[in-house]
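# Residue-level structural notes
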Amino acid sequence: MTASGWFQIGFFLLVVLLITKPLGVFMARVFSREKTFLDPILRPIEKIVYRLSGIDEKREMRWTEYAIAMLLFSGVSMGLLYLIERTQKWLPFNPQKFPNVEPGLAFGTAASFTTNTNWQVYSGESTMSYLTQMAGLAYHNFASAAVGIVLAIVVIRGISRKETDKLGNFWVDATRCLLWVLLPVCLVGSLILVSEGVVQNLKPYSTVELIQPYTAQVAGADGKTTTQTVTQQVIAQGPVASQEVIKEFGTNGGGFFNANSAHPFENPTPLSNFFEMVLIFAIPSGLTYTLGRMTRSQRHGWAVWAAMAFLFLAGVTAAYWAEARGNPLLAGTDQHATALHSGGNMEGKEVRFGIANSALFATVTTDASCGAVNGMHDSFTPLGGMVPLINIMLGEVVFGGVGAGLYGVFVFVVLAVFIAGLMVGRTPEYLGKKIEAYDVKMAMLAVLILTCTILIFSAVSVVKPYGTAGITNPGPHGLSQILYAYVSSTGNNGSAFGGINANTMWYNTTTATAQLLGRFFMIIPVLAIAGSLAKKKIVPESAGTFPVTGGLFAGLLVSTILIVGALTFFPALSLGPILEHLLMNAGKVF
């Protein structure tokens, strides 16, 4: 570990802190229907959208109506993406003449992008046409992000409103989110990425002559291997920058290229790398300030932010230490950091980013439900790879995905307040609302959906041949590969221990099912809590009220998150990365 690496980590968190308030205030004004500087341009467009689609912007919905509208919107969008994938061969903007995507992969990809997971078991540059990338995948990057954000706003309204069953209008909230929040930032952000060298065009792929031809072993259709001299290379390109910016800002994660943000056409420079990481945390961090502003308890918003920041720092410290420490099995190899190289475990990492920025990116992308990667998590050391795994297991509430992080941490807030109430022997309260049995049951239901989906699918996959056939490493690392696949899918993250072959009928079907359960079956209980809280009266504070605005609350929230995660997943982690770490130190590899 180096001073330069720590400076970059500290500077990143400082920038995130500095943008939290202005972005949080802006989002609060947008969703409270207050005037903003973009109104003169966007308000006429908004009115046209409502007129064409027949939306009554003054009508509000109950939580059940809101949920149905969200499910219908997501279901229709998923069907359209599946249709585009299955017919891309006959559609325009396909200069590479890619064939239609096969049914299993098309279904898995449609479910993945609809749920903001963006799990990819294919190479984008050799599978998806430009039209599929733009009208299918990039569209869902916007749509799924908007759904997450507006659901967080509904939760905030449920906390702040009293004695009502109205929580807003899904169609109005989604429209305003797209027009005011996502599109303006992405228009500017894509130009910034282009200025750094990210590709943006609609040209056919280029074929270039290699300066130094090389020989390669090629397997033929008959299974025999022949030696061929490779003299040319195909340079893939396309509309990358426009997809890259929403991929990060919407915490989606699906890359145009198979190498994702490790590819120089997606993430060419240290500045683009830093900018993309800030984009990932921008909305989740800003929503904590929006929470405080709309509930008229700004100190509570900062307490939630502080709890998230503490868990972020703990995670990045562990990952940075593990990777900078290197691999003890590489005896005689100089793994110390010097002015000429980063040192540590550089396997699976880009030289232009090094250890610090690789560990930081891995932590950021799994703290949020983004899943973009600038290094291969499968090549991290056992403990370094365990950090991304734990981040997702905790529900990605360390800032988290756009909206999903806030309503995910809201579940733990309910549990923390409930525990505090038990400690003092009185009905727990949260910002003037009593937390009752129904609310706690819904919070536990959300937690159980996440944990049961992960553990049940993982358990089946490690004992059945159609599950173990996909792993490339026997022993504990193979378990980690399977566990990561379902953790990432259920947590709607999308990153992977890339050594696993997940492009099979079993994994395509089960990971898609896990993604749908992790997204929509968790949302319903959260919306139910929001609807319940909105109907309640405000209870005046008393001497027995547990404060949710200081360090004590932040500490209790962190403890609740860690205890729930540890009790649920520690046995699985013990058989996977922890065992692998102990065996590595004992000189054993797999």
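What this report covers is the structure whose coordinates are included nearby.

Our next topic: the overall build of the protein chain. Looking only at helices and strands, the protein chain has 17 helices and four strands in total. Rg of the C-alpha trace for the protein chain: 24 Å, near the compact-globule value of 25 Å for 590 residues, within the 12% margin. The C-alpha extent of the protein chain, read off along each of the three principal axes, is 80 × 60 × 50 Å. Scored against the burial criterion, the 590 residues of the protein chain give a buried share of 57%. Taking contacts inside the protein chain between residues at least 6 apart in sequence as the whole, the part at least 24 apart equals 78%. When the accessible surface of the protein chain is summed, it comes to about 23400 Å², and 67% of that surface belongs to carbon and sulfur atoms. Of the side-chain charges in the protein chain, 37 are positive and 32 negative, and the distance between the mean point of each set is 10 Å.

This brings us to helix 8 (residues 270-294). Think of an α-helix as turning once every 3.6 residues; residues three or four places apart then point the same way. In this model helix 8 runs 36 Å from its N-terminal to its C-terminal C-alpha over 25 residues, within 8% of the 36 Å that 1.5 Å per residue would give. For helix 8, the principal kink sits at Ala282 and spans about 35°; a proline, Pro284, occurs within the next four residues. Of all 25 residues that make up helix 8, 21 are buried, and the element is covered over most of its length. Trailing helix 8 by a residue or two, Arg296 shows a phi angle of about 60°, which is positive.

Moving on to the environment of Tyr50. Here Tyr50 lies in helix 2 (residues 39-53). When sequence neighbours within four positions are dropped, the list of residues in contact with Tyr50 reads Arg43, Ile55, Glu57, Val172, Thr175 and Arg176.

For the rest of this paragraph, the subject is empty space enclosed by the protein. In this structure the tally under the stated criterion is seven cavities of 30 Å³ or more. The volume enclosed by the largest cavity comes to roughly 170 Å³. Counting residues per element, the ones that place at least two in the lining of the largest cavity are helix 12 (404-424) and helix 16 (505-534). It is helix 12 that provides the largest number of residues to the lining of the largest cavity, a total of four residues. Looking at the lining of the largest cavity residue by residue, the classes come out as four nonpolar, 11 polar and two charged. Estimated volume of the second largest cavity: approximately 100 Å³. Taken together, 15 residues line the second largest cavity, and the ones lying closest to its centre are Met393, Leu394, Phe412, Val447 and Leu450. When residues of the lining of the second largest cavity are traced back to their parent elements, those giving at least two are helix 12, helix 13 (437-463) and helix 17 (551-585). The element best represented in the lining of the second largest cavity is helix 17, accounting for five residues. Its residues assigned to classes, the lining of the second largest cavity shows 11 nonpolar, four polar and no charged.

Here we come to the nonpolar core. Residues Phe12, Leu182, Ile283 and Phe312 are the most contacted members of the largest nonpolar core, which totals 130 residues. If one sorts the elements of this core by residue count, helix 5 (residues 130-160) sits on top with 14 residues. Discounting chain neighbours no more than four positions away, the residues touching Ile283 are Leu23, Met27, Ile149, Val181, Leu182, Phe249 and Val402. Residues Ala111, Leu137, Tyr486 and Ile500 belong to the second largest nonpolar core, which totals 22 residues.

For the rest of this paragraph, the subject is helix 2. Its 15 residues give helix 2 an end-to-end C-alpha distance of 20 Å, which sits within 8% of 21 Å, the value for a rise of 1.5 Å per residue. Buried within helix 2 are the following residues: Asp39, Leu42, Glu46 and Tyr50. Along the axis of helix 2, the buried residues cluster in a sector spanning 85°; they form a single face. Every exposed residue of helix 2 that faces more than 90 degrees away from the buried side is listed here: Pro40, Ile41, Arg51 and Leu52. Buried-residue contacts for helix 2 involve helix 6 (170-196). Immediately downstream of helix 2, the backbone of Gly54 shows phi near 70°, a positive value.

Once that is clear, we can look at the environment of Leu533. Assignment of secondary structure puts Leu533 in helix 16. Between the C-alpha atoms of Leu533 and Arg157, which are 376 residues apart in sequence, the distance is 9.1 Å.

What follows deals with the packing of helix 11 (residues 382-393) against helix 17. Between helix 11 and helix 17, the least distance of the axes is 9 Å, while the angle of their chain directions is 165°. With respect to helix 17, the axis of helix 11 lies roughly antiparallel. Crossing angle aside, the handedness with which helix 11 passes helix 17 is right-handed. Packed against helix 11, whose contacting residues are Pro382, Leu383, Met386, Leu389, Ile390 and Met393, the element helix 17 presents Phe569, Leu573, Pro577, Ile578, Glu580, His581 and Met584 at the interface. Within the contact of helix 11 with helix 17, the residues separate by chemical class into 11 nonpolar, one polar and one charged.

About the thresholds
- Residues numbered from 1 in each chain as written.
- Predicted model: local features only at pLDDT ≥ 70, side-chain atom pairs only at ≥ 80, totals over all residues.
- Heavy atoms only, no water.
- Helix = DSSP H or I, 4+ residues; strand = E, 2+ residues; numbered from the N terminus.
- Rg over C-alpha atoms; globule rule 2.2 N^0.38 Å.
- Buried < 20%, exposed > 50% of the residue type's maximum accessible area, 1.4 Å probe, protein only.
- Contact = heavy atoms within 4.5 Å.
- Areas by Shrake-Rupley, 256 points an atom, 1.4 Å probe, with all protein chains shown as cover.
- Lys, Arg positive; Asp, Glu negative; His and termini not counted.
- Charge placed at Lys NZ, Arg CZ, Asp CG, Glu CD.
- Expected span 1.5 Å × (residues − 1).
- Bend = angle between axes of the 7 residues up to and from the residue.
- 1 Å grid on protein atoms, 1.4 Å probe; cavity = no way out; pocket = protein on both sides within 12 Å on 5 of 7 lines; lining within 4 Å.
- Points joined across faces, edges and corners; volume = space filled by probe spheres on them.
- Nonpolar A, V, L, I, M, F, W, Y, C, P; charged D, E, K, R; others polar.
- Core = buried A, V, L, I, M, F, W, Y, C linked by side-chain atoms within 4.5 Å.
- Arc of directions from axis to C-beta.
- Axes fitted to C-alpha atoms, helices over the stretch in contact; angles between N-to-C directions.
- Parallel < 35°, antiparallel > 145°, perpendicular 65-115°, else oblique.
- Left-handed = near helix turned anticlockwise from the far one by under 90°.

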